[in-house]
Amino acid sequence: MSEERPVYQVRPPEQPQAFCVERVRADFPILQQQVNGHPLVYLDNAATTQKPECVIQALVDYYRRDNSNVHRGAHALSDRATAAFEEARSKVARLLNAEDARQILWTRGTTESINLVAASWGRSSLQPGDRILVSAMEHHSNIVPWQMVAAERGATVEPIPVDRSGTLDMTALAAMLDGRVRMVAVGHVSNALGSINPVDRIVALAHAAGALVLVDGAQAVAHWSVDVQALGCDFYAFSAHKLFGPTGIGVLYGRRELLEAMPPYQGGGEMIESVSFAGTTYNQLPYKFEAGTPDIAGAIGLGAAVDYLNRLDRAGAARHEEALLARSVALAERVPGLELVGTAAHKASVLSFNLAGVHPADLGTLLDQQGIAVRTGNHCAQPIMEQFGIPGTVRASFSFYNTFDDVDRLFAALEKARQFLQ
Ligand code: PLP
């Protein structure tokens, strides 16, 4: 029967091959195209990553062969869909080194994962006067959900200071941690600046003060293997689309005893054990938090992305990204009027910058005309832009499928734009 089983369920163990950027690029069909008459240089990976052929194929295979609702057990298609859907959960659990797959909840993405914790844990735990700390460089999705629940519960949301280089002030954090801080919510990597936060040290400080830690891992998972047990965090959130998987699905990892104690986030089918007008009882983890028909194809697509990463030489890929960042920083230093925004000692492969006298949006348009895709604006991180006194930046964010030629083309296009604009 094995020939009937979909490809995403049959993965012979493969040894990762040594990293080779040209071989890896061939896995991503979207990269092989011209944009505005130039070969595409895709440098907007912090916004979303591209999808390898095997992820696209897993989605197609699912809809062509197995499409069915999960956990109904009514027929063969439903059984296959359920098996693939739950196998994807196990793959994510192994990817994050979670203790148990039941601690992996499917959500719509990082944003919903954080909203889930803010609504469920926040509403049931926060008391008037409690404090929530977030870093000053957080994405809006790790600020606003906390503000919403804080307003409801009489708690406050306060920023942990970040210096001009984009480095979190750990001394200030230690000083802010008192008995009223209940939650420290920080990004693993800043999407706007690329700074990598020392999550293990943040967790140690926060736990010593009796606070929980939620890590927004949206920008970290694509760059290295995250180990939630080694980090010791209480919650870890990420989006599949930033990890070479589909849009519309994401993950919340949570510590088992916390998830067990938290009330459901949404009500409906799947999340119940029994329903009656006399009283309803809730399902076990993880289903208690998964009301309604889930994004089955999305989960399976994410599972295929995890398989892809497991076949990749991730250490080699990370070294390649570091080299791309180093080259781009070296070239940036030679551009007259270019100011890097975010120069922390520990950075992911994100280059945020401004050109003196030029609005980031204008620069973005001129780069796009030359086939270079970058992001411009405040990157959903208005507070840190305001602190730096800038409307936004141009952000080139690299993935392992980018080449040194991509970096050189970015700077050649920048030079052209600079001469045109200045
Ligand atoms: N957090 C960070 C650091 C991000 O970069 C993003 C997206 O850019 C998000 C959260 C929100 O992710 P999503 O829109 O996939 O929910």
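In this report, the structure presented in the accompanying data block is examined. (Residues numbered from 1 in each chain as written. Predicted model: local features only at pLDDT ≥ 70, side-chain atom pairs only at ≥ 80, totals over all residues. Heavy atoms only, no water.)

## Quick notes on the site of the ligand
Part 1 of the argument: Taken together, G109, T110, T111, H139, S141, N191, D216, A218, Q219, S239, H241 and K242 make up the full set of residues adjacent to the ligand.
Part 2 of the argument: At 3.5 Å from an oxygen atom of the ligand is found a side-chain nitrogen or oxygen belonging to H139.
Part 3 of the argument: Between the ligand and the protein, one listed contact pairs an oxygen atom with a side-chain N or O atom of K242 at 2.6 Å.
Part 4 of the argument: Calculation on the ligand without its partners gives an accessible area of 400 Å², and the protein chains cover 84% of this total.
Part 5 of the argument: Looking at the shell around the ligand residue by residue, the classes come out as 1 nonpolar, 9 polar and 2 charged. (Near = heavy atom within 4 Å. Polar contact = N/O pair within 3.5 Å; in protein donor to acceptor, adjacent residues only side chain to side chain. Areas by Shrake-Rupley, 256 points an atom, 1.4 Å probe, with all protein chains shown as cover. Nonpolar A, V, L, I, M, F, W, Y, C, P; charged D, E, K, R; others polar.)

## What to know about unusual backbone geometry
Part 1 of the argument: Of note, the bond from L285 into P286 is cis; its omega dihedral lies within 30 degrees of zero at 0 degrees.
Part 2 of the argument: As for its position among the elements, P286 is in the loop between β12 (281-282) and α10 (296-311).
Part 3 of the argument: A positive phi is found at N97, a non-glycine position, where the angle reads about 55 degrees.
Part 4 of the argument: For N97, the position within the fold is in the loop between α3 (76-96) and β4 (104-107). (Helix = DSSP H or I, 4+ residues; strand = E, 2+ residues; numbered from the N terminus.)

## Section: the sheet that holds strand β10 (residues 250-254)
Part 1 of the argument: As summarised here, the arrangement of the 7 strands in space is β4-β10-β9-β8-β7-β5-β6, forming an open sheet in which the pairing is mixed. At either end of the open sheet lies a strand with only one pairing partner, and these are β4 and β6 (156-160). Taking the axes of each pair of neighbouring strands and ignoring which way they run, one obtains an average angle of 20 degrees across the sheet.
Part 2 of the argument: For strand β5 (residues 131-135) and strand β7 (residues 181-187), the ladder comprises 4 bridges, and the chain directions are parallel. (Pairing = 2+ DSSP bridges. Axes fitted to C-alpha atoms, helices over the stretch in contact; angles between N-to-C directions.)

## A short note on the sheet that holds strand β14 (residues 350-355)
Part 1 of the argument: An order of β13-β14-β17-β16 is seen for the 4 strands of this open sheet, with the pairing classed as antiparallel. The sheet is open, and its two edges are formed by β13 (338-340) and β16 (375-377), each paired on a single side. Neighbour-to-neighbour, the strand axes of this sheet turn through a mean angle of 30 degrees, independent of strand direction.
Part 2 of the argument: Looking at chain direction, β13 and β14 are connected through 3 bridges and run antiparallel. Looking at β14, one finds that E339 is bridged to N354.
Part 3 of the argument: Strand contacts of helix α12 (residues 360-368): β14, β16 and β17 (393-397), with the helix running at about 40 degrees to β17, the strand carrying the most contacts. (Contact = heavy atoms within 4.5 Å.)

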